[in-house]
Amino acid sequence: MPRRRVARPAAPPLRTSSEVQEHKADGDWYVRPTQGSSLKDYRCPGCSQLIRRGTRHVVAWPVEKSLLSDAAIDERRHWHTACWTRKH
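For the structure given in this document, a descriptive report is provided here.

Moving on: the overall build of the protein chain. Within the protein chain one finds one helix and six strands. Counted from the first residue to the last, the protein chain has its helices and strands arranged as β-β-β-β-β-β-α. Residue pairs at least 24 apart in sequence account for 45% of intrachain contacts in the protein chain once pairs closer than 6 positions are excluded. Just so you have it, the protein chain exposes about 7,000 Å², and 53% of that area is on carbon and sulfur atoms.

Let's shift gears to the packing of aromatic side chains. Evaluation of the coordinates by the stated rule reveals three aromatic pairs. Ring geometry for Tyr30 versus Trp61: centroids 5.9 Å apart, planes at 50°, classification tilted. On the criterion of sequence distance, the pair formed by Tyr30 in strand E2 (residues 27–33) and Trp61 in strand E5 (residues 58–62) is long-range, its members being 31 residues apart. Here Tyr30 falls in the buried class, since its relative accessible area comes to 13%. An aromatic cluster is defined as three or more aromatic residues linked by ring pairs; in this entry it consists of Trp29, Trp79 and Trp84. The side chain of Lys24 reaches across the aromatic face of Trp84, ending 5.0 Å from its centre.

Let us now look at the environment of His23. The topology assignment puts His23 in strand E1 (residues 20–24). Between the C-alpha atoms of His23 and His88, which are 65 residues apart in sequence, the distance is 9.1 Å. Within the structure, His23 has its side chain in polar contact with the side chain of Asp28 (distance 2.7 Å).

Another point: the nonpolar core. The biggest cluster of nonpolar side chains holds nine residues, and these are Trp29, Val31, Cys44, Ile51, Val58, Ala60, Trp79, Cys83 and Trp84. Those elements that provide at least two residues to this core are E2, E5 and helix H1 (81–86). Residues within four places of Cys44 in sequence aside, it is in contact with Gln49, Ile51, His78, Trp79, His80 and Cys83. With five residues, the next largest nonpolar core counts Tyr30, Val59, Trp61 and Ile73 among its residues.

Counted according to the given criterion, the structure contains four salt bridges. We note a salt bridge from Glu19 to Arg32, for which the minimum N-O separation is 2.3 Å. One end of the pair, Glu19, is in the segment before E1; the other, Arg32, is in strand E2, and 13 residues separate them in sequence. We note a salt bridge from Asp26 to Lys87, for which the minimum N-O separation is 2.7 Å. Taken as a pair, Asp26 in the loop between E1 and E2 and Lys87 in the segment after H1 lie far apart in primary sequence, 61 residues in all. Since its relative accessible area comes to 47%, Asp26 is described here as partly exposed. Relative accessible area serves as the criterion here: at 19%, Lys87 is assigned to the buried category.

Procedures and definitions
Residues numbered from 1 in each chain as written. Predicted model: local features only at pLDDT ≥ 70, side-chain atom pairs only at ≥ 80, totals over all residues. Heavy atoms only, no water. Helix = DSSP H or I, 4+ residues; strand = E, 2+ residues; numbered from the N terminus. Contact = heavy atoms within 4.5 Å. Areas by Shrake-Rupley, 256 points an atom, 1.4 Å probe, with all protein chains shown as cover. Phe/Tyr/Trp six-rings, centres within 6.5 Å; stacked < 30°, edge-to-face > 60°. Buried < 20%, exposed > 50% of the residue type's maximum accessible area, 1.4 Å probe, protein only. Lys NZ or Arg CZ within 6 Å of the ring centre and 35° of its normal. Polar contact = N/O pair within 3.5 Å; in protein donor to acceptor, adjacent residues only side chain to side chain. Core = buried A, V, L, I, M, F, W, Y, C linked by side-chain atoms within 4.5 Å. Salt bridge = Lys/Arg side-chain N within 4 Å of Asp/Glu carboxyl O.

Encoded structure:
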């Protein structure tokens, strides 16, 4: 008996209403502010310092994915808000 093909659910959208698109020297980025509800620490790529759990910060990822990643959202990084603002 042949297998019946089951439709897979659509992938969740990468964007939500809380995101904005920003332009920096290295391209266009989606930026989402967090409420500081994270359960782990992150390392900010702008200053290489820890973003402690519970600290408000931003999450940013490129609008267009790089050649080596499956999706642009895979390239998301957590930034201190001030470090993201200073980014060129």
